[in-house]
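Each chain, written out:
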Amino acid sequence: MSSHEEGIGQIRRLAKRAERRIRLKRALAVGSKALCGALAVAIVDVGLRKTGILGERQALATFATAGVAVFVATAVAWALRLPNRAGARALDRFHELHDRLASALDFGDSPADVRTPFMNAAIDDAIAAAPRVDPRRAIPVGLPRPFAAAAALVVLLGAEAFFHVRRPAPIAHTKTIEPVDMSADDLDDVQDFLKQIEQTVPSDDTRAAIDEFNKLVDDIANKRLDRTEAFRRMEALEDKLLAGSRADKRALEEQLDRIGDEMKKAALTKPAGEALAEHKLDQARGAMHELAKKLRADQEKPVDKAKIEQMRDALKKAAADADKRRAEMEQRRQELADEVLKMKEKTADGGSDEERSLLEKKERELERLDRDIDARKDAGRQLDRLDRELEQAAEDLMKDLGLSANDLDQGAEDINRMEQQETTQQQKEELRQKLQELRELLRQQGPGGKGQVARLKRFGRMARGQGGSQGQGGQQQGGQGQGQGQDDQGGSEGQGGQGQQGRDGQGGSQGAGQGGETWVLGPNGEKMLMLSKGQGSSGPNGQAGEGEHGGGPGSKWGEGHDPKLQGGATNPKMGTEDTQVQGADTGQGGSRSQVILGAAERGFASRGYKRVYTEYHQVAEQSLAKDEIPAGFRSYVKRYFQLIRPREGQ
Amino acid sequence: MDSESVRVEVTLFRKRVDDLRAEIAKSIVGNREVVDGVITCMLAGGHALLEGVPGLGKTMLVRTLAETLSLTFSRIQFTPDLMPADILGTTVIDEMQGGGKSFEFRKGPIFANIVLADEVNRATPKTQSALLEAMQEHRVSVGKRTHVLDEPFVVLATQNPLEMEGTYPLPEAQLDRFFFKLHVPFPGRDELHEILDRTTGGEIEKRTAVLDRDAITAMQHLVRQVPVARHVQDYAVRVLQATHPETAEAPDLAKRFVRYGSSPRGAQALLLAAKIRALFDGRFAASVDDVRAVVHPALRHRILLNFEGEAEGVKTDQVIDAILKSVPEAKSEKPARATPN
């Protein structure tokens, strides 16, 4: 190896060392910055962990990620490629060699035979300079400046690790419900109804249902139920009410018809049969007792065997027919079930549309039949004892009339029991209907129904005379001039003290108080002087009584004010403004004006109002009974009258 | 030639340059960079454009240089009425002794080794362009004849940047033919004292020629042999590319204010000047620092500013400063072999 090559080799080694130091320096610089970043992340991470925002696993994962990121950044900084001749040039720069080393390495890469004398001279020059080159001094590797920041962050992290964060005890938030809100009127209505039912001495299960219903209403009234719970409770109660009345009424009546028809065939049992056929169970019971008495009476006398025989046949058929029909239905059901099973197997691999349609039809028929059988079974259970008694009576007729009479008495008792049961069912049905009404009310309170409910409530308050407390009276009476007109109309009825709910209503109060001579707006807008008579009594409080038209005792002007008057009295010197109202004559029909007695009185409370209310309510009830009105709309009418009903004690 | 003889040659080169500098310094105070620039142009075989306000010794410098070299010197004062023939020469009818007449070419002032084109921007473009062929090709075509100029041939032109009225700025093509454009700065206080001491005293020191034609030719030949490492050449190329606003290397200033960047002649000037600078320093190879040192005079007249740049008063030196800041000295690339020069 020539001296040139050795020298170049030496320079190359120096350059390599320099490059390694450059890499190390770069890796330390990047690593320290990354470490600062990672420590900052770690501080935040620990903080979040201590405050409980981050979970244990998340915090550890973040910590580990930050650590790995430092190593990755450092490794990448080390591995990244350096610029060409970076080591040699760094040495050149530090030792002010003017690229001697870098150029020598460059020239040294060329084959020796193509090197020019100048290149060789340059290489020699670099070789001569190489001994005083020191990579350590040229590229000093010290701790980069960010390490100081990293150390500070480590201290901070340590301090944070010892810092105890008090976690505030979680405040237990009690769950609140959004209770269903029903007007007191509706609840009163339901409670009244329940009281009425209770007064009819119901059966035990009906009483239990009423108690449960009462509890439900009580919970709603005390706002202990939200909508979901209220509906759930109502559904449960309805299921309970339905459970006892599952017997199909129609099926029961059909069977009673059948028994009655059979019993009508015999002369002795004809009255009882007719009563049963007409579903007059109390009459049927009486007829049965009569027949039993007759049989006992006939025990002493010679017996008309033909009649007895006829009666026996009738009773036997009446008892037996039910079983026969049930058996027929069971058989039919079995056949249909077999048929459906076969069709299902057939269409399992995919049949034609026609076959599938037929199968569906059969399945529906089977379901219907099942329901019929269940209904008849339920009805049959109720009639089972009656059937047995009638059968026993028929058998005993041949042995002993006394025994047969006893059997008939038992049958009569069965009918009595059925009657009672029917009454219970009726009550349950009423309860169920009321429950449905209640559910309908709640349903109306859902989204979209609240406004309506609010209007009804407002109307209810107004009807009870409580609605003007927030200036509602002003709406009714408007300005002073308007109030005057209305007042005068009221004044003609001898009602005082109206329109006292708001300031705007004070004019009304005065108008009423002065009574007698007031201006009103006529139909064409002209003012008319009206002389009213029979003003309310001029009591010290100025309260006009309930004096009806012309009948009041007041011979003097009213004085004072209604004690419920709010705000100061209207200043009489304050000018008023007359309002001209042009009536629009549409020409449509006659406008029969009707005076609703007591309507001007606070709270609609008067005997006259009660009378009017009763009249209208009856008409409404008749219309509801006569016309086909959807259930949803029926409830509106009923509620309306419920809300405007006159109150007791008013 | 072996490395030892190279070392001797380089040492001799340095000595000659030092002698030349010392001789020039007898008349020219300070202005080391300008003097070195002019010498560099001469050794590179190029031409220099000296720009400075009147009275800074531009003409004096050129005259002194001519006096210190055993070369022919001519001075042309450019005026608006100067004609190309006044520079190149003209053909005249010569009466022979026998009574016959013949056409004879009378050489103009361009036929000299060192030509001082004083206030070159005062001549018309037509006259200025008469210099084009001479500067690039070192020959003059008059009529059907081409006359080769003697080597070395150096045009040292001066121009005044202040008096723009009645001047004709040099076209880009002609500017590109100047190896360097040197700014002659105003002297400092000490230098002014020195100037006054020398010029207002009694006897002015006489200058002697220190270099002859052969020596200069040998030096020019030596310059061309200096090798350049790949990374140095690559730096020169990247600097040149950065003068072009459309390249990625160009700094924002260049992208905004430069219309055209330098021609490849700029890179040639960079490397040649870097080599000369290395020899000045007694080194055998050019370095990146050498390139950086000559970027301004080599490229400042080759960068053409756009209208916005002109309007903003941006100087090409500012653009070059931005380029030097933005272009890294080294770039990761595959190592390549050095090119022997």
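Residues numbered from 1 in each chain as written. Chains lettered and ligands numbered in written order. Predicted model: local features only at pLDDT ≥ 70, side-chain atom pairs only at ≥ 80, totals over all residues.

**Q** I tried to follow the overall build of chain B on my own but got confused; where do I start?
**A** The number of helices and strands found in chain B is 14 helices and eleven strands. Per-residue burial for chain B yields a buried fraction of 42% across its 341 residues. In chain B, of all internal contacts separated by at least 6 residues, the share reaching a separation of at least 24 is 77%. (Helix = DSSP H or I, 4+ residues; strand = E, 2+ residues; numbered from the N terminus. Buried ≥ 20, exposed ≤ 12 C-beta atoms within 10 Å, placed from the backbone. Contact = placed C-beta atoms within 7 Å.)

**Q** Quick question: what am I supposed to make of the packing of helix α8 (residues 184-199) of chain A against helix α9 (residues 204-221) of chain A here?
**A** In a pair of packed helices, the angle between the axes and the distance between the axes together describe the arrangement. Residue and element names in this part refer to chain A. The N-to-C vectors of α8 and α9 enclose an angle of 160°; their axes lie 10 Å apart at closest approach. Relative to α9, the element α8 is oriented roughly antiparallel. As for the relative orientation of α8 and α9, their crossing is left-handed in sense. Across the interface between the two elements, Leu187, Val190, Gln191, Leu194, Ile197 and Glu198 of α8 pack against Ile210, Phe213, Asn214, Val217, Ile220 and Ala221 of α9. Here the residues of the contact of α8 with α9 sort into nine nonpolar, two polar and one charged. (Axes fitted to C-alpha atoms, helices over the stretch in contact; angles between N-to-C directions. Parallel < 35°, antiparallel > 145°, perpendicular 65-115°, else oblique. Left-handed = near helix turned anticlockwise from the far one by under 90°. Nonpolar A, V, L, I, M, F, W, Y, C, P; charged D, E, K, R; others polar.)

**Q** When you look at the confidence of the model for chain A in this model, what are you seeing that I'm missing?
**A** Low-confidence regions, as indicated by low pLDDT, have predicted coordinates that should not be scrutinised in detail. All names here are of chain A. Across chain A, the average pLDDT comes to 72, with 65% of residues at or above 70. Segment residues 467-518: pLDDT under 50, and 144 contacts once partners within four positions in sequence are set aside and those in other chains are kept. Under a pLDDT of 50 for its full length, residues 530-552 has, in the predicted model, 83 contacts with residues more than four places off or in other chains. (pLDDT = per-residue confidence, 0-100.)

**Q** Looking at this structure, how should I read the environment of Glu151 of chain B?
**A** Residues and elements named next belong to chain B. Take Glu151: it is sitting in the loop between β7 (145-148) and β8 (154-159). Along the sequence, Glu151 and Gly45 sit 106 residues apart, while their C-alpha atoms lie 8.7 Å from each other. The residues contacting Glu151, other than those within four sequence positions of it, are His138 and Thr217.

**Q** How should the interface of chain A and chain B be read in this particular structure?
**A** Interfaces are often described in size by the accessible area the parts lose on coming together. Taken together, the contacts link 25 residues of chain A with 26 residues of chain B. If you list the elements that add at least two residues to the side of chain A that touches chain B, you get α3 (86-95), α4 (100-108) and α5 (117-129) of chain A. Broken down by element, the residue count for the side of chain A that touches chain B peaks at eight residues, all from α5 of chain A. Of the residues belonging to the side of chain A that touches chain B, the class tally is eleven nonpolar, six polar and eight charged.

**Q** How should the sheet that holds β8 of chain B be read in this particular structure?
**A** Note: strands within a sheet are paired through backbone hydrogen bonds, in either parallel or antiparallel orientation. Residue and element names in this part refer to chain B. In space, the five strands of this open sheet follow the order β2-β5-β8-β1-β9, with parallel pairing throughout. Two strands close off the open sheet at either side, each with one partner strand: β2 (73-77) and β9 (180-183). With strand direction ignored, the average angle separating the axes of adjacent strands in the sheet is 20°. Sitting on the sheet, helix α3 (residues 58-68) is in contact with β1 (48-51), β2, β5 (114-118) and β8, with an inclination near 170° to β5. (Pairing = 2+ DSSP bridges.)

**Q** Looking at this model, I keep getting lost on the pairing of β8 of chain B. Mind explaining?
**A** Taken residue by residue, a regular strand's side chains alternate between the two faces of the sheet. Residue and element names in this part refer to chain B. Burial analysis of β8 places six of its six residues in the buried class, which makes it a mostly covered element. Here β8 shows a buried face lined by Val154, Leu156 and Thr158 and a second buried face lined by Val155, Ala157 and Gln159. In this structure, β1 lies alongside β8, joined through four bridges in parallel fashion. Directly across from Ala48, in β8, lies its bridge partner Leu156.

**Q** How should the nonpolar core be read in this particular structure?
**A** Buried together is how nonpolar side chains tend to be arranged in soluble globular proteins. Counting 117 residues, the largest nonpolar core has Ile11, Leu101 and Ala122 of chain A together with Ala48, Leu156, Leu270 and Val291 of chain B as its most contacted members. Sorting elements by how many residues they give to this core places helix α11 (residues 264-280) of chain B first, with ten residues. Leaving out residues up to four positions away in the same chain, Ala48 of chain B has contacts with Gly37, Val38, Cys41, Leu156, Phe178, Phe179, Phe180 and Leu182 of chain B. (Core = buried A, V, L, I, M, F, W, Y, C linked by C-beta atoms within 7 Å.)

**Q** Which parts of the structure should I look at to understand the environment of Glu274 of chain A?
**A** Residues and elements named next belong to chain A. Residue position: Glu274 is located in helix α12 (residues 270-277). We classify Glu274 as partly exposed; it has 17 C-beta atoms within 10 Å. Along the backbone, Glu274 and Ala284 are ten residues apart, and their C-alpha atoms lie at a distance of 7.7 Å.

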